[in-house]
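# What the coordinates show
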Amino acid sequence: MPLRFAVAILAILACGGSVDGHPGPSAPREAAAADAIAAAAMRDDAVRQAQEALQQGRPYVATRLLQPALRDSTRRTPEVELLAARASAAWGGWGEVRKALSGATWLDRRFAGEGHELLARAALGENDDSLAVEHARSSVEHAPVDSVRGARLTLLARALDRREQREAATSAYLNAARLLPGIADWLALRAAGVADDSATRAGIYAELVSGLTRTRIGISEAQARRRTGDTLGAARAYAALGDTATALSLELAVSDSSDRGQLRARLLALVRSRTGTSQAASAAALLSREYTNLSPDELLLVARATVRGGSAANAVRAYDAAFATGAGTPEDRLSYADALFATRNNELAARMYAQVPASHPRRGEAMYDQARSQLRAGNLAASRATLRRILTERPSDTANAARALYLLADLATDENRDSDAREAYRGVVTRYPGSNIAALSGFHAALIAFIDGNHRTAAGELDDVVRRWPRSAEVNRARYWAGRAHHAAGNADTARARWQAVVRSDPRSYYATRSRERLGGQSWSRPSSGSEVPRMPDVDSAAARIALLEALGMTQEANLETNALAEGATSSLQRAVAVGHALLALQHPSPAIRVGLRAAPMGGDTLSAVFDLLYPIVHGEVLAAESRERNLDPALVAALIRQESNFEPRATSPAGARGLMQLMPAVGRQVANGLGYPVWDPALLYQPDVNVELGTTHLASLVRQREAVEHVLAAYNAGGTPVARWLTKRGASDPEVFTERISYAETRDYVRVVLRNREIYEGTGVRY
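Values in this document were obtained by computation on a predicted structure and should not be read as measured data.

## Examining the overall build of the protein
Tallying secondary structure elements over the protein gives 44 helices and 0 strands in all. Overall, the protein is about 85 × 75 × 50 Å in size when its C-alpha atoms are taken along their principal axes. Considering the protein as a whole, with its 768 residues, one finds that 54% of them fall into the buried category. In the protein, the proportion of contacts linking residues at least 24 apart, taken out of those at least 6 apart, comes to 58%. Only carbon and sulfur atoms are counted for the fraction: they give 48% of the accessible area of the protein, which is about 32,600 Å². Taking the 93 positively charged and 85 negatively charged side chains of the protein as two groups, their mean positions are separated by 4 Å.

## Structural notes on the environment of R64
Within the secondary structure, R64 is located in helix α4 (residues 59–71). Distance in space between the C-alpha atoms of R64 and A492 is 58 Å, their sequence separation being 428 residues. Filtering out sequence-adjacent residues up to four positions away, R64 remains in contact with Y677, P678 and E693. Among the polar contacts listed, one links the side chain of R64 to the side chain of E693, at a separation of 3.2 Å.

## Side note on the pattern of salt bridges
Counted by the stated rule, this structure contains 60 salt bridges. Among the ionic pairs, D734 bridges to R484, the shortest N-O distance being 2.8 Å. With D734 in the loop between α42 (720–726) and α43 (735–740) and R484 in helix α29 (residues 475–488), this pair connects stretches of sequence that are 250 residues apart. Looking at D734, the relative accessible area reads 19%, which means it is buried. A salt bridge links E626 to R630; its shortest N-O distance comes to 2.6 Å. Each member of the pair, E626 together with R630, is buried.

## Structural notes on the nonpolar core
With 104 residues, the main nonpolar core has W481 and L694 as its most contacted residues. It is helix α27 (residues 438–451) that contributes the most residues to this core, 8 residues altogether. With residues near it in sequence (within four places) discarded, L694 still touches L663, G668, V671, A672, L675, Y677, W680 and L685. Among the nonpolar cores identified, the runner-up in size contains 39 residues, and L248, L263, A305 and F323 belong to it.

## Considering the packing of helix α33 (residues 555–567) against helix α35 (residues 589–599)
For the pair α33 and α35, the least separation of the axes is 10 Å and the interaxial angle reads 15°. Regarding the angle of α33 to α35, the classification is roughly parallel. When the axes of α33 and α35 are compared, the crossing they make is right-handed. Of the residues in α35, those in contact with T562, N563, A566 and E567 of α33 are P591, R594, V595 and R598. Looking at the contact of α33 with α35 residue by residue, the classes come out as 3 nonpolar, 2 polar and 3 charged.

## With respect to α4
With 13 residues, α4 extends 19 Å from end C-alpha to end C-alpha; this agrees with the ideal 18 Å at 1.5 Å per step. At L65, α4 shows its maximal kink, close to 30°; a proline, P68, follows between one and four residues later.

## Structural notes on the packing of aromatic side chains
In total, this model carries 16 aromatic pairs according to the counting rule given. On the numbers, 6.5 Å between centres and 55° between planes, the contact of Y677 with W680 is tilted. You'll find Y677 and W680 in the same group, each marked buried. Ring-pair connections join several aromatic residues into one group, and the members of that group are F450, Y480, W481, W499, Y510 and Y511. Of note, R260 hangs over the ring of Y291, and the distance from its end group to the ring centre comes to 4.8 Å. Of note, R333 hangs over the ring of F323, and the distance from its end group to the ring centre comes to 3.9 Å.

## Things to note about the environment of A321
With respect to the helices and strands, the residue A321 is situated in helix α20 (residues 312–323). Look at A321 and you get partly exposed, because its relative accessible area is 34%. Through-space distance from the C-alpha of A321 to that of L300 is 8.5 Å; in sequence the pair is 21 residues apart.

## What to know about the side chain of E693
Mapping E693 onto the fold places it in helix α40 (residues 688–705). Owing to a relative accessible area of 11%, E693 belongs among the buried residues under this scheme. With residues up to four places along the chain from it excluded, the contact list for E693 reads R64, E626, R630, L675 and Y677.

## Here's the deal with the side chain of R166
Within the secondary structure, R166 sits in helix α10 (residues 166–179). There is a polar contact of 2.7 Å between the side chain of R166 and the side chain of D196. With near-sequence residues (within four places) excluded, R166 lies in contact with V194, D196, R227 and T228.

## Some remarks on helix α3 (residues 45–55)
Of all the residues in α3, the buried ones are A46, V47, A50, Q51, A53 and L54. Along the axis of α3, the buried residues cluster in a sector spanning 160°; they form a single face. Put simply, D44 is the residue that caps the front of α3, since its side-chain oxygen is 2.9 Å from the backbone nitrogen of A46. Among the residues trailing α3, G57 stands out with phi positive, at a value near 80°.

## Some words on the packing of helix α23 (residues 363–376) against helix α24 (residues 380–393)
Two numbers describe how α23 lies on α24: the axes approach to 7 Å, and their chain directions differ by 165°. It follows from the interaxial angle that α23 and α24 lie roughly antiparallel. Once α23 is placed against α24, the crossing between them reads as left-handed. Where α23 abuts α24, its residues R363, G364, M367, Y368, Q370, A371, Q374 and L375 lie against L380, A382, S383, T386, L387, R389, I390 and E393. Partitioned by chemical class, the residues of the contact of α23 with α24 number 8 nonpolar, 5 polar and 3 charged.

## Some points on unusual backbone geometry
Phi is positive for A112, which is not a glycine, with a value near 55°. Residue placement: A112 occurs in the loop between α6 (94–101) and α7 (114–125). When its relative accessible area of 14% is taken as the criterion, A112 is described as buried. Positive phi, close to 60°, is recorded for H619, a residue that is not glycine. Within the secondary structure, H619 sits in the loop between α36 (608–614) and α37 (620–629). Residue classification places H619 among the buried positions, given a relative accessible area of 16%.

Definitions and cut-offs
Here, residues in each chain are numbered from 1, in the same order as that chain's written sequence. Per-residue local features of the predicted model are confined to residues with pLDDT of at least 70, and side-chain atom pairs are confined, for both listing and counting, to 80 or more; whole-chain, interface and lining totals are unaffected and use all residues. As a rule here, side-chain values come from all non-hydrogen atoms in the structure, and water together with hydrogens is ignored. Counting from the N terminus, the helices are DSSP H or I runs at least four residues long and the strands are E runs at least two residues long. Buried, partly exposed and exposed residues are distinguished by accessible area as a fraction of the type maximum, computed with a 1.4 Å probe on protein chains only: under 20%, between the cut-offs, and over 50%, respectively. The contact rule is simple, with two residues in contact once any of their heavy atoms fall within 4.5 Å. Areas reported as accessible are Shrake-Rupley estimates using a 1.4 Å probe. Residue values count occlusion only from the protein chains shown. Neither His nor the chain ends is counted toward charge; the positive residues are Lys and Arg and the negative residues Asp and Glu. Lys charges are placed at NZ, Arg charges at CZ, Asp charges at CG and Glu charges at CD. Two N or O atoms count as a polar contact when they lie within 3.5 Å, although within protein this holds only if one can serve as hydrogen donor and the other as acceptor, and sequence-adjacent residues are included solely when both atoms are side-chain atoms. Salt-bridge detection follows one rule: a side-chain nitrogen of Lys or Arg within 4 Å of a carboxyl oxygen of Asp or Glu. Nonpolar cores are built from buried Ala, Val, Leu, Ile, Met, Phe, Trp, Tyr and Cys residues. Side-chain atoms within 4.5 Å join them into one set. Each axis is a line fitted through C-alpha atoms, and for a helix only the stretch in contact is used; angles between axes span 0 to 180 degrees, taken between their N-to-C directions. In this scheme, roughly parallel covers angles under 35 degrees and roughly antiparallel covers those over 145, while 65 to 115 is roughly perpendicular and the rest are oblique. Crossing handedness is read from the near helix: turned anticlockwise from the far helix by less than a right angle, it gives a left-handed crossing, and turned clockwise, a right-handed one. By the convention adopted, Pro, Cys, Tyr, Trp, Phe, Met, Ile, Leu, Val and Ala count as nonpolar, Lys, Arg, Asp and Glu as charged, and the other residues, Gly among them, as polar. The span you would expect from a helix comes to 1.5 Å times its residue count less one. The term bend refers to the angle at a residue between two fitted axes, each drawn through seven residues, those ending there and those starting there. For this analysis, a ring pair means two rings from Phe, Tyr or Trp (six-membered ring only for Trp) whose centres lie within 6.5 Å, classed as stacked if their planes differ by under 30 degrees, edge-to-face if by over 60, and tilted for the remaining angles. Charge-over-ring placement is defined geometrically: NZ (Lys) or CZ (Arg) within 6 Å of the ring centre, and within 35 degrees of the ring normal. Note that the arc is computed from the directions linking the helix axis to the C-beta atoms.

As C-alpha cells, this is what we get:
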C-alpha cells in the first residue's frame, strides 16, 4: 500500500476518526507521537528533513537522512529511533527497523506501543513468528484507542495464525472485527478460516453481510477443513467448488491401497473430459506422481493433457516417459517438439521437427519451426538451408513458404545484404499476396528502396501497400513512410496528404506523432472538457476499505475489493470515471487504466478525466525531481514508466525486473553502490522514490552514451550489445530508420510506444 495512504488511515484510527463511515473512538490520552517528533524536528534539521521526506512518500530518503543521527549517541533520541523505524518499515527494510529500535528502553513507556507494533511487523516480515506474537501482544496492551487496538489485534492474529495457534487467532480476528466495523466481514472471514470447530465457522458465515465476502465462504471452508486435518471434508468442499483435481489429490493423500484403483480411474476420466484445461493438467501431474504403472496409452494421455494445459517443462518430461515405451504418433512428436522449443531445448527440438513426415498436414509448419530452432541454436547455415527447402519442396504452402521467405529476408538484413533482402521481401508480395505478412513484406521492401535513395519507387510501393491491404496493421506505418518518400522525391503536397491521413486515422499512434512533427510541429493536446470527477458514496466506501485492508497487511482481501470495484465500473461513464479516479487516489494505476480503456468507447475518449486514467501520473513529484536532477525530460520518464510498469510500484517481470522503471536487482545494486547508498536491499526497488532515482540514473548514463533517444530506449529495453549491432545496418544514422530496422519486435514496439507516450504526456498539461 502507498505510504501516504497507510499513514493517513492509521492516523485516522489513532485520532478517533472514521473509516468507511464508522466513527472512531476517543482521542488518545497521552500526547501524540507526532507532537514529540515535531518538537525533535525543531532541534535537529535531519529529523525535520526526514519527517518531510516521509510525508512526501520518500521513506528511503528519510532512512538515509537519519543514519548519522542513529550513529551519534548525542542525537539518538527516542523520537529519532521511532521515525527511523517508521521510515524503514515503509519500504520493507525490516532489518533496519530492528537496528533502529535495538536497545530501545522506551518501548513500554512512549508512543503508545508503536515501537512494539513496528517490531512485530518486522518480525513477520522476517518470518520470526514467535517474536511477532510477543511484540504484537505488547502493542495491543499499549493501544491508546479502540481503533488502534483493532489494527494491532489484526497484526497479532496474523502472527498467531502463522504459529498455528488457531483458537487464539480466531479470537483475535473476531475482537478486531468488533473494533473495525468497516472491514468486519473480512476479519470475521479470516477468523472462520482459522477456526477448528465447524460449528463456529458456520456461525461466523451466517453473520456475514457483504456480498463479496459471502462469495468466499466456500473457499474459506475448504481451506479451513484442510488446515484442521479434515482431509476428506476438504476434498468434498473443493469438489463443490469445481476444483476436482485438488479434491482428488486430497483423497489420494489419505487413501489406502483399495481406494487407489478407483481414484486412478477418476483421475483418468478427469483428464479425458477436461482436455486442455488446468484441471486436466493437474490431474495428469497427479497420475505421473502417484502411479508408476501407467500403460503406454495412459502415459500418452498424461503427456497430451500436460502439453495442452500445463507447463512446457512438465510436458517434455511426460512425453519422454511415453516415448520410452514406444508409444506416440507423429502428432505427439510434433507436440513434443513444440514443448522442447518452448523450453529452449533448441537442438533437440530441431531434430524432432525434422522427423515429422512429409505427408503430415503440419509438415510445412514443422519445417519452419525447425529452421527457427536451428537459428536459436546458433546454426545459421542449417536454418537457412531448411528455409530454402520449404520454398523448393512446398512452394504452394502459402503461410509457411511466405514466412520462410520473410525470415530469409530478415537474416539478409542482419548481414547487411539489403539487395538480397529486398528481393526476398518482394518475393513474398508477388508470390504470396494473400499471406498475412504480405503487407509487412511490402513495407520492408519499400523501406530498403527508400534507404537506397530510390524515393519514387519507395513511394509507389508504400502507396501500393495501403491500396492492396487497407485492413492491414501496417497501413499507417506505410502511409507515414510514403509521406517521407514523396517528400524526398519533391512531392511536398502529396507528403502532407499522407501524414494528414495518418493523424486522422489514429491520432494517438506513434506514426501520428511523427506525422504531426513533419506537418510543422503540431502536437497532441489533452481534451479540454470533462475534467470533473463525480463523487459516489459507495465508491468512496470501497476505497476506504481497500486502504485500510492494505494498511493492515490484508493484501488478498484488498485485491479482491479492488478487482470488484474495477469490474463493476462499467454500468455508466460517470461511474467509470469515479471508480478510475478512486483507484488512482489509492495509487493503483493498472486497474485505473483498465477502467479508462472501458470508459473510452462509452464516450469517454473526449473527456480529460478519462485521459487522466489512460495516461496517469503517479508519484509525479518524485518523477519530476529525479528527472530534472539528471537533465532528463520528465515526459520521457513518465512515458517509459507507463510502458514498463503502468506506474505500479510492485510490478515484477517474468525475468525479475522490479518496480516502476523495471530494474533488475543486479542493476539496482550497481547503481545504488555508485550513488553511495548506505543501506541496500532488493526490496528497495519496489519503493517508488528509490526506483525512480536508480532508474533515471541508469537512463541518464545511456543518454550520455548515445546520440538519439531511439538508441537510448532500445538500449534500455534490449541492452547495449544488440543496439551496437543494429546501428551497423544501412540507414541507421536516421533514428526513424533505425527504429524500423530493430530486429527484436518487442524492442521495436517498445521504442515506438514510449515515444508515442512522451508526446501524450507532453500534451496532457499535467504538472509533474
